[in-house]
Amino acid sequence: MNSKELFPLADAPQAVLVKELKNRGLKIASAESLTGGMVSEYITKVSGASEVFECGICSYSNRIKHEILGVSEETLENYTEYSYQTACEMAQGVRRLSGADIGISTTGIAGPSGGTEEKPVGTVYIGVSTGEKTFAEKFSFGDDGADRDTIRIRACISALKLALETVT
């Protein structure tokens, strides 16, 4: 089954998100760690995305999270790169850097290694930052034994849906 069968583009969250952003005259940018650019890819698959998508930053390393996005060293040391706080600071950083109205971010543990008892494989934080608020949501995408690719796809789709909920 190909991606078009799984997610018909007209009904896909990224298509609806692009449409809503256009209707509201808003721009979006992404800062991605575990999704590695997938959110940017999904958005830019939609015709007309150039009207609403400012940039995507793949900030896989903590150095880039800190130096480019402005995630504080204290946050990375005290909460780790897989945290609510980091997701919020990543979303704020990409919004500030790009000048977009909305910044979204993804960070977490896609596995198969890297999980801990406190933060098992599949723990994902998705951040959203607008001019009025910044928040993150925690997701557990590995509870059913999902593999790395499935966890990353679930994180991507959830980030798109969370951005859409924020816009509408």
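Residues numbered from 1 in each chain as written. Predicted model: local features only at pLDDT ≥ 70, side-chain atom pairs only at ≥ 80, totals over all residues. Heavy atoms only, no water.

Draft legend 1. Highlighting the pattern of salt bridges. Evaluation of the coordinates by the stated rule reveals five salt bridges. A salt bridge links Arg24 to Glu20; its shortest N-O distance comes to 2.3 Å. Taken together, the residues Arg24 and Glu20, both in helix H2 (residues 13-24) and four residues apart, mark about one turn of the helix. Overall, Arg24 belongs to the partly exposed group, its relative accessible area being 40%. Looking at Glu20, the relative accessible area reads 17%, which means it is buried. Residue Asp144 is joined to Arg154 by a salt bridge in which the shortest nitrogen-to-oxygen separation is 2.8 Å. One end of the pair, Asp144, is in the loop between strand E5 (134-140) and helix H7 (148-167); the other, Arg154, is in helix H7, with ten residues separating them in the sequence. Asp144 sits in the exposed class, given a relative accessible area of 54%. (Salt bridge = Lys/Arg side-chain N within 4 Å of Asp/Glu carboxyl O. Helix = DSSP H or I, 4+ residues; strand = E, 2+ residues; numbered from the N terminus. Buried < 20%, exposed > 50% of the residue type's maximum accessible area, 1.4 Å probe, protein only.)

Draft legend 2. Representation of the pairing of strand E2 (residues 53-58) within the structure. Both strand E1 (residues 28-32) and E2 contribute to a ladder of five bridges, which runs parallel. From the neighbouring strand, Ala29 faces E2, where its bridge partner is Cys55. In this region the chain leaves E1, passes through helix H3 (residues 38-44) and returns to the parallel neighbour E2; the handedness of that crossover is right-handed. (Pairing = 2+ DSSP bridges. Right-handed = clockwise from strand over helix to strand, strands pointing away.)

Draft legend 3. How the structure looks around the packing of aromatic side chains. A complete count under the given rule lists one aromatic pair for this structure. Pairing Phe139 with Phe141 gives two aromatic rings, centres 5.2 Å apart and planes at 15°, and the pair type is stacked. (Phe/Tyr/Trp six-rings, centres within 6.5 Å; stacked < 30°, edge-to-face > 60°.)

All quantities given are derived from atomic positions and should not be read as evidence of function.
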